Amino acid sequence: MTQIDSYVRLSGFYFFYFALLGALVPYWSLYLKSFQFDAVTIGSLMAVLQLSRIVAPNLWGWLADRNGKRVEIVRLGALMTCILFLGIFWQETALGIGLVMLGFSFFWNAVLPQFEVITLKQLGEQQEKYSRIRLWGSIGFIVTVAGVGALLDFISIRWLPFLMLLLMVCIWVSTLLVNTKTDFVTAQKEDSATGGFLSLLLRPQVLAFFVICFLVQFGHGAYYTFYSVLMEEVGYSRTEIGLLWAIGVIAEVILFVYMHWMIKRWGLRSIMIVSLALCVLRWLIIGGIPDNLPLMLFAQILHAATFGALHAVGIALVHHYFSDSTYGQGQALFSSVGFGLGGALGAFVSGLMWDGLGAFGTFAVSAFASFAAILLALYWIHPEKVQQNN
């Protein structure tokens with residue numbers, strides 16, 4: 001297989017994986033709203049998508065590390081995602097939809113982390129090319145979020161599951177094209193690695209870092225759950241909603257291009273604190289002035305800081321805080337605590353608050369969570385004082 005051929009096959013997976021994300025995250029809450037579910041139910045169902053991220057990546061990663069069948073596990077996960085999602089076409093109750101969401105997300109959330117390992121393994125010594133491959137994921141998200149938004153202005157939201165199923169099948173087909181020679185067995189670490197991980201984790205600065213990760217994603221819960229609902233309620237078309245989502249991801253892509261330079265110039269601590277402050281500003285703008293288009297455009301551009309910069313800083317700090325033998329466990333915890341626990345509770349709590357507090361009150365809680373994260377970062381985050389134990 002030539003390098004170009006391998007590049008295309010790997011890029012195809014990222015394109016379709018994040019294309020599915022571009023159909024799911026912005027529009028699934030609108031699909032749920034079409035069943036006349038209240039805000040509590042919508043928030044609870046959106047939380048289900050994140051719940052499996054607490055367990056699934058760790059479970060599938062453990063299995064792949066031990067049997068070496070990483071490509072086969074990715075293919076199985078993609079196929080089971082398609083099969084279990086088929087049940088959505090016969091569900092109209094919150095319980096039935098929730099069970100289907102829990103089932104397919106358990107496999108879908110486990111696929112990407114393992115494919116990341118496959119990609120880096122195939123790139124070998126050329127891992128600097130990873131960003132070019134991952135870029136196609138952002139392109140897939142942008143194309144889908146804008147295209148689906150425009151399409152839903154002409155067809156019923158009830159067609160969304162059909163579009164998602166098509167993308168799921170494309171993900172599965174793309175996994176069939178991956179070179180199986182990527183499969184390998186990871187050398188097992190000695191038993192002391194677990195004790196080493198705990199000793200690194202229990203340092204106060206590291207614990208504070210994970211609390212910050214939780215608060216950041218908790219704050220995003222209202223955004224991922226109710227942003228599209230709010231935009232539709234104040235009069236934006238679905239085409240406009242899709243373009244607003246796309247602008248956020250475009251800003252994120254541009255930031256990633258310069259992130260390495262920014263970290264060198266300003267350092268992880270400064271970027272984290274400034275980005276958290278921009279989180280507070282973004283949530284207050286979205287909750288308080290959603291009908292002002294120029295301010296909504298500005299708030300979406302801030303996605304580059306509130307997600308892009310904080311995610312990049314988080315990845316860098318996990319690498320800094322943990323040793324080579326514990327980095328995998330640290331990365332899994334970073335995903336589980338932030339995107340899993342934080343995202344799930346953020347979605348659920350925002351559902352509880354939405355009808356009572358309204359948009360501003362709900363996003364104000366998100367802003368308060370980000371402010372609390374700022375205080376923790378100011379006191380505890382000093383990476384230069386904590387070195388790796390290699």
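**Notes on the overall build of the protein**
Now for step 1: Looking only at helices and strands, the protein features twelve helices and zero strands.
Now for step 2: The linear arrangement of helices and strands in the protein, starting from the amino end, is α-α-α-α-α-α-α-α-α-α-α-α.
Now for step 3: In terms of C-alpha radius of gyration, the protein reaches 20 Å, essentially the compact-globule figure of 21 Å for 390 residues.
Now for step 4: Across its three principal axes, the protein shows a C-alpha extent of roughly 55 × 50 × 35 Å.
Now for step 5: Residues counted as buried form 52% of the 390 residues belonging to the protein.
Now for step 6: Taking contacts inside the protein between residues at least 6 apart in sequence as the whole, the part at least 24 apart equals 84%.

**Some thoughts on the environment of Gly 68**
Now for step 1: Following the sequence through the fold, Gly 68 ends up in the loop between helix 2 (39-67) and helix 3 (70-85).
Now for step 2: Remark: the alpha-carbon pair of Gly 68 and His 303, spanning 235 residues in sequence, is separated by 37 Å.

**Focus: the nonpolar core**
Now for step 1: In this structure, Trp 28, Phe 209 and Met 272 are the most contacted members of the largest nonpolar core, which totals 119 residues.
Now for step 2: With 20 residues, the top contributor of residues to this core is helix 9 (residues 238-288).
Now for step 3: In this structure, Trp 28 is in contact with Ala 23, Met 46, Phe 85, Ile 88, Ile 97, Met 101, Leu 160, Pro 161 and Met 164, ignoring residues within four places of it in sequence.
Now for step 4: One finds Ala 56, Ala 64, Ile 73 and Phe 107 within the second-largest nonpolar core, a separate group that totals six residues.

**Structural notes on the confidence of the model for the protein**
It should be kept in mind that the predicted coordinates are not to be read in detail where pLDDT is low.
Now for step 1: Mean pLDDT over the protein stands at 89; residues scoring 70 or higher make up 92%.
Now for step 2: When mean pLDDT is taken per element in the protein, helix 10 (residues 293-301) scores highest with 97 and helix 7 (residues 192-201) scores lowest with 74.
Now for step 3: Low pLDDT, under 50, characterises residues 187-191; the predicted model gives this stretch three contacts beyond four residues in sequence or across chains.

**A short note on the packing of helix 8 (residues 204-233) against helix 9**
Now for step 1: The N-to-C vectors of helix 8 and helix 9 enclose an angle of 160°; their axes lie 8 Å apart at closest approach. Between helix 8 and helix 9, the angle falls in the class roughly antiparallel. The two elements helix 8 and helix 9 cross, and the hand of that crossing is right-handed. The segment helix 8 lies against helix 9, with Phe 209, Ile 212, Val 216, Gly 219, His 220, Tyr 223, Tyr 224, Tyr 227, Ser 228, Leu 230, Met 231 and Glu 232 engaging Arg 238, Ile 241, Leu 244, Trp 245, Met 272, Leu 276, Cys 279, Arg 282, Trp 283 and Ile 286.
Now for step 2: Residues belonging to the contact of helix 8 with helix 9 are distributed by class as follows: 16 nonpolar, three polar and three charged.

**Remarks on unusual backbone geometry**
If a residue is not glycine, its phi is most likely negative; likewise, a peptide bond is most likely trans.
Now for step 1: The phi dihedral of Gln 36 falls on the positive side, at around 65°, and the residue is not glycine.
Now for step 2: Structurally, Gln 36 can be placed in the loop between helix 1 (3-33) and helix 2.

**Quick notes on the packing of aromatic side chains**
Now for step 1: If you walk through the whole model with that rule in mind, you get 35 aromatic pairs.
Now for step 2: A centroid spacing of 6.2 Å and a plane angle of 55° characterise the contact between Phe 210 and Phe 322, whose relative ring orientation is tilted. On the criterion of sequence distance, the pair formed by Phe 210 in helix 8 and Phe 322 in the loop between helix 11 (303-321) and helix 12 (327-380) is long-range, its members being 112 residues apart. With respect to class, Phe 210 is no different from Phe 322; both count as buried.
Now for step 3: With a centroid separation of 6.5 Å and an interplanar angle of 20°, the aromatic rings of Tyr 224 and Trp 245 are classed as stacked. Of the two residues, Tyr 224 is situated in helix 8 and Trp 245 in helix 9; the sequence distance between them amounts to 21 residues.
Now for step 4: Classification of Trp 245 as buried rests on a relative accessible area of 4%.
Now for step 5: In this structure an aromatic cluster arises from ring pairing among Trp 28, Tyr 31, Phe 35, Phe 37, Phe 85, Phe 89, Phe 104, Trp 159 and Phe 162.
Now for step 6: One cation-aromatic arrangement involves Arg 158 over Phe 35; the distance from NZ or CZ to the ring centre is 3.9 Å.
Now for step 7: Across from the ring centre of Tyr 223, 4.4 Å away, lies the NZ or CZ of Arg 282, which sits over that ring.

Conventions adopted
Residues numbered from 1 in each chain as written. Predicted model: local features only at pLDDT ≥ 70, side-chain atom pairs only at ≥ 80, totals over all residues. Heavy atoms only, no water. Helix = DSSP H or I, 4+ residues; strand = E, 2+ residues; numbered from the N terminus. Rg over C-alpha atoms; globule rule 2.2 N^0.38 Å. Buried < 20%, exposed > 50% of the residue type's maximum accessible area, 1.4 Å probe, protein only. Contact = heavy atoms within 4.5 Å. Core = buried A, V, L, I, M, F, W, Y, C linked by side-chain atoms within 4.5 Å. pLDDT = per-residue confidence, 0-100. Axes fitted to C-alpha atoms, helices over the stretch in contact; angles between N-to-C directions. Parallel < 35°, antiparallel > 145°, perpendicular 65-115°, else oblique. Left-handed = near helix turned anticlockwise from the far one by under 90°. Nonpolar A, V, L, I, M, F, W, Y, C, P; charged D, E, K, R; others polar. Phe/Tyr/Trp six-rings, centres within 6.5 Å; stacked < 30°, edge-to-face > 60°. Lys NZ or Arg CZ within 6 Å of the ring centre and 35° of its normal.

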